[in-house]
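Chain by chain, the residues:
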Amino acid sequence: MRLTAFKAYDVRGRLGEELNEDVARRIARAFAEVTQARRVVLGRDCRESSEQLAGAVVEGLLAAGVEVLDLALAGTEEMYFATAHLQAGGGITVTASHNPMDYNGLKLVGAGSVPLAQAEFDAVRALAESGAFAVARPGGRVVAVPAVRQAYVERVLSFVDVAALRPLKILVNCGNGAAGPTFDALAEGLAAKGAPLQFERMFHDPDGSFPNGIPNPLLEANQPVTADAVRAVGADMGVAFDGDFDRCFLFDAGGAFVPGEYVVGLLAEAFLAKDPGAAVIHDPRVIWNTQDLVARAGGRAVMAQTGHVFLKRAMRETGAVYGGEMSAHHYFRDFMCCDSGMIPWLLVTELMGRTGRSLAELLAEMRAAFPSSGEINFRVADAKAAVARVEAALAGKAVARDDTDGMSLDFGDWRLNLRSSNTEPLLRLNVEARGDVALVDAGVTLVSGLIEG
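Below or above, wherever it landed, is the structure these notes cover. (Residues numbered from 1 in each chain as written. Predicted model: local features only at pLDDT ≥ 70, side-chain atom pairs only at ≥ 80, totals over all residues. Heavy atoms only, no water.)

### As for the overall build of the protein chain
Link 1 in the chain: Each helix and strand in the protein chain was counted, giving 14 helices and 20 strands.
Link 2 in the chain: For a compact globule of 453 residues, the expected C-alpha radius of gyration is about 22 Å, and the protein chain comes in at 22 Å, within 12% of that figure.
Link 3 in the chain: Sorting the 453 residues of the protein chain into buried and exposed places 56% on the buried side.
Link 4 in the chain: In the protein chain, of all internal contacts separated by at least 6 residues, the share reaching a separation of at least 24 is 71%.
Link 5 in the chain: In the form shown here, the protein chain has an accessible surface area of approximately 17,100 Å², with 51% of it arising from carbon and sulfur atoms. (Helix = DSSP H or I, 4+ residues; strand = E, 2+ residues; numbered from the N terminus. Rg over C-alpha atoms; globule rule 2.2 N^0.38 Å. Buried < 20%, exposed > 50% of the residue type's maximum accessible area, 1.4 Å probe, protein only. Contact = heavy atoms within 4.5 Å. Areas by Shrake-Rupley, 256 points an atom, 1.4 Å probe, with all protein chains shown as cover.)

Right under this line is the structure:
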């Protein structure tokens, strides 16, 4: 039985075709046998298929004699936290995050919320496919652990100096995903500490039918609803979450979407103000703004391959205080080197409080100094041929080249990164420049023409 829902780092597939209860049950049992975990944390998002799939995961884990620590509805980062906090042998979240309605998936981690090694991940897949499981073990049971959320809230709020916050109105769009209840718990924790923040909530209640569309704020078509709401309520900032809220997306008071690479810069600045000289990890797609900010703050910028497995590994190897990807995945040393969608917006509110500047003001200098294109996706029949055309035309003109992830070509005053997606059949292009928006536009036009042949 070949399982096609296994992707580069996790399991994600179309319901009925690639993923069903039998597949989820097989993967869970294989996960338990390969990791030899005796206790496994389980959470799920609010998709209509998630509860049934979670039930199948429980069956697979129980057959392996595992104690299942059930979070019920929870974000992926709550699973990460609980796995470490409860000293479990592993963790699973049933989620498809921002994928279409007819998808679902599983995110898997080992003890300490460390991503599975490639050999472990491959072994889970092989055993799930073969079905050659050990004899069922007795002793499995399910234990509800709702109290972990309060400990999670305390950990998240430990990243913020509440005394540095100033009165702000924040528009929060949970997209009818899993974020609402967890956000409310954080808001209560902030209020108890005297935080002067006012929240306006929209699409707040979890609803697996997603009446307002799949929560994927990275899509340009999905951004106006949050932007309009920010302006309508006179908010100082907007925050929108994806389905399992391991990513958040920011909007300034004028409703302008904040590209992810500038959020990486803001968070690097925030951490280096508290931990001078620390290392900061970044991905290879858009790098100049982050490298400039880190250098000026006295830190050390370290590049790692795109993808949570690679960022987390680099953080552990370097002891980096923070790591960020332009796709809005942000990783924190003191959060098990895991990604969180709740910590970033809190840190930005603290930065606004410390500086007395609006989000737009914080961004203005870096936007002007290092304009970028944003990620542009291409569906092409032959990705390798498209990359070869770009390489043949431009590589010889570059002053530097880096192949950490895809192909990055540096021309001195502008730079491109071209890479194939790890999770989707797409070719992704990013272009950045030094202080010249026209150069970004020209670079996009030039490379797009080469990609499209």
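This is not the end of the story, as more comes after the structure.
### A short note on the packing of helix 5 (residues 148-157) against helix 6 (residues 179-192)
Angle between the axes and distance between the axes are the two parameters that describe a pair of packed helices.
Link 1 in the chain: Between helix 5 and helix 6, whose axes approach to 10 Å, the crossing angle comes to 60°. With respect to helix 6, the axis of helix 5 lies oblique. Our pair here, helix 5 against helix 6, has a crossing hand that is right-handed. Contacts between helix 5 and helix 6 involve Arg149, Tyr152, Val153, Val156 and Leu157 from the former and Pro181, Thr182, Ala185, Leu186, Gly189 and Leu190 from the latter.
Link 2 in the chain: Class assignment of the residues belonging to the contact of helix 5 with helix 6 gives a composition of eight nonpolar, two polar and one charged. (Axes fitted to C-alpha atoms, helices over the stretch in contact; angles between N-to-C directions. Parallel < 35°, antiparallel > 145°, perpendicular 65-115°, else oblique. Left-handed = near helix turned anticlockwise from the far one by under 90°. Nonpolar A, V, L, I, M, F, W, Y, C, P; charged D, E, K, R; others polar.)

### What to know about helix 6
Link 1 in the chain: Its 14 residues give helix 6 an end-to-end C-alpha distance of 20 Å, which sits within 8% of 20 Å, the value for a rise of 1.5 Å per residue.
Link 2 in the chain: Of the positions making up helix 6, those classed as buried are Ala179, Gly180, Thr182, Phe183, Ala185, Leu186, Ala187, Gly189 and Leu190.
Link 3 in the chain: Tucked into the core, helix 6 has its buried residues touching helix 3 (76-85), helix 5, strand 7 (168-173), strand 8 (197-202), strand 9 (237-241) and helix 11 (343-355).
Link 4 in the chain: Positioned one or two residues after helix 6, Gly194 has a phi angle of 85°, which is positive. (Expected span 1.5 Å × (residues − 1).)

### What to know about the packing of helix 13 (residues 383-394) against helix 14 (residues 437-451)
Link 1 in the chain: Two elements in contact, helix 13 and helix 14, have axes separated by 8 Å at closest approach and are oriented at 130°. Classified by the angle between their axes, helix 13 and helix 14 sit oblique to one another. Viewed along their axes, helix 13 and helix 14 form a crossing whose handedness is right-handed. Residues Ala386, Arg389, Val390, Ala393 and Leu394 of helix 13 lie in contact with helix 14, whose contacting residues are Leu446, Val447, Leu450 and Ile451.
Link 2 in the chain: Of the residues belonging to the contact of helix 13 with helix 14, the class tally is eight nonpolar, no polar and one charged.

### Description of unusual backbone geometry
Link 1 in the chain: A positive phi angle is found at Gln36, which is not glycine, with a value near 60°.
Link 2 in the chain: By the element assignment, Gln36 lies in the loop between helix 1 (21-35) and strand 2 (39-44).
Link 3 in the chain: A positive phi angle is found at Phe203, which is not glycine, with a value near 45°.
Link 4 in the chain: Considering the arrangement of structural elements, one finds Phe203 in the loop between strand 8 and helix 7 (223-233).

### Some thoughts on helix 3
Link 1 in the chain: In terms of burial, helix 3 is a largely internal element, eight of the 10 residues being buried.
Link 2 in the chain: Among the residues of helix 3, Thr76, Glu77, Glu78, Met79, Tyr80, Phe81, Ala82 and Thr83 are the ones counted as buried.
Link 3 in the chain: Directly after helix 3, the chain includes Gln87, whose backbone phi takes a positive value near 55°.

### Some thoughts on the sheet that holds strand 11 (residues 279-282)
Link 1 in the chain: Ordered by their spatial adjacency, five strands build an open sheet running 12-11-13-14-15, and the pairing between neighbours is mixed. In this open sheet, the two edge strands, each paired with only one partner strand, are strand 12 (300-303) and strand 15 (338-339).
Link 2 in the chain: Sitting on the sheet, helix 10 (residues 308-318) touches strand 11, strand 12, strand 13 (322-324), strand 14 (330-332) and strand 15, and the angle it makes with strand 11 is about 165°. (Pairing = 2+ DSSP bridges.)

### A word on the nonpolar core
Link 1 in the chain: Of all hydrophobic cores here, the largest spans 72 residues; its most connected members are Phe241, Leu250, Phe335, Met342 and Trp345.
Link 2 in the chain: When residues no more than four places from it in sequence are discounted, the contact partners of Phe335 are Glu77, Phe81, Tyr152, Arg155, Val156, Phe159, Ser340 and Ile343.
Link 3 in the chain: In this structure, Ala54, Leu108, Leu116 and Val124 belong to the second largest nonpolar core, which totals 33 residues. (Core = buried A, V, L, I, M, F, W, Y, C linked by side-chain atoms within 4.5 Å.)

### A closer look at the pairing of strand 19 (residues 414-420)
Link 1 in the chain: Here strand 19 lies mainly inside the structure; six of its seven residues are buried.
Link 2 in the chain: The pairing of strand 18 (residues 407-410) with strand 19 spans four bridges and is classified as antiparallel. The residue of strand 19 that forms the bridge with Leu409 is Leu416.
Link 3 in the chain: Between the end of strand 18 and the start of strand 19, which pair antiparallel, lie three residues, with Gly412 showing a positive phi angle near 90°.
Link 4 in the chain: Bridge analysis of strand 19 against strand 20 (residues 427-433) gives seven bridges, and the strand direction is antiparallel. Residue pairing in the sheet places Leu416 in a bridge with Val431 of strand 20.

### Description of the sheet that holds strand 17 (residues 400-402)
Link 1 in the chain: Reading across the sheet, the five strands line up as 16-20-19-18-17 and stay open at both edges, with antiparallel pairing between neighbours. Looking along the sheet, the strands with just one partner apiece sit at the ends: strand 16 (376-378) and strand 17. Across this sheet, the average inter-strand angle for adjacent strands is 15°, counted without regard to direction.
Link 2 in the chain: Across the sheet, helix 13 lies against strand 17, strand 18, strand 19 and strand 20, angled at about 160° from strand 19, the strand it touches most.

### As for the packing of aromatic side chains
Link 1 in the chain: A full pass over the atoms with the stated rule returns 15 aromatic pairs.
Link 2 in the chain: Their ring planes at 80° and their centres at 6.2 Å tell us that Tyr9 and Phe310 sit as a pair that is edge-to-face. Pair noted here: Tyr9 is in the segment before strand 1 (11-14) and Phe310 is in helix 10, with a separation of 301 residues, a long-range link.
Link 3 in the chain: On the basis of relative accessibility, which here comes to 22%, the residue Phe310 falls in the partly exposed class.
Link 4 in the chain: On the numbers, 5.9 Å between centres and 90° between planes, the contact of Phe199 with Trp345 is edge-to-face. Taken as a pair, Phe199 in strand 8 and Trp345 in helix 11 lie far apart in primary sequence, 146 residues in all.
Link 5 in the chain: A relative accessible area of 15% means that Phe199 is categorised as buried.
Link 6 in the chain: Exposure remark for Trp345: the relative accessible area of 0% places this residue in the buried category. (Phe/Tyr/Trp six-rings, centres within 6.5 Å; stacked < 30°, edge-to-face > 60°.)

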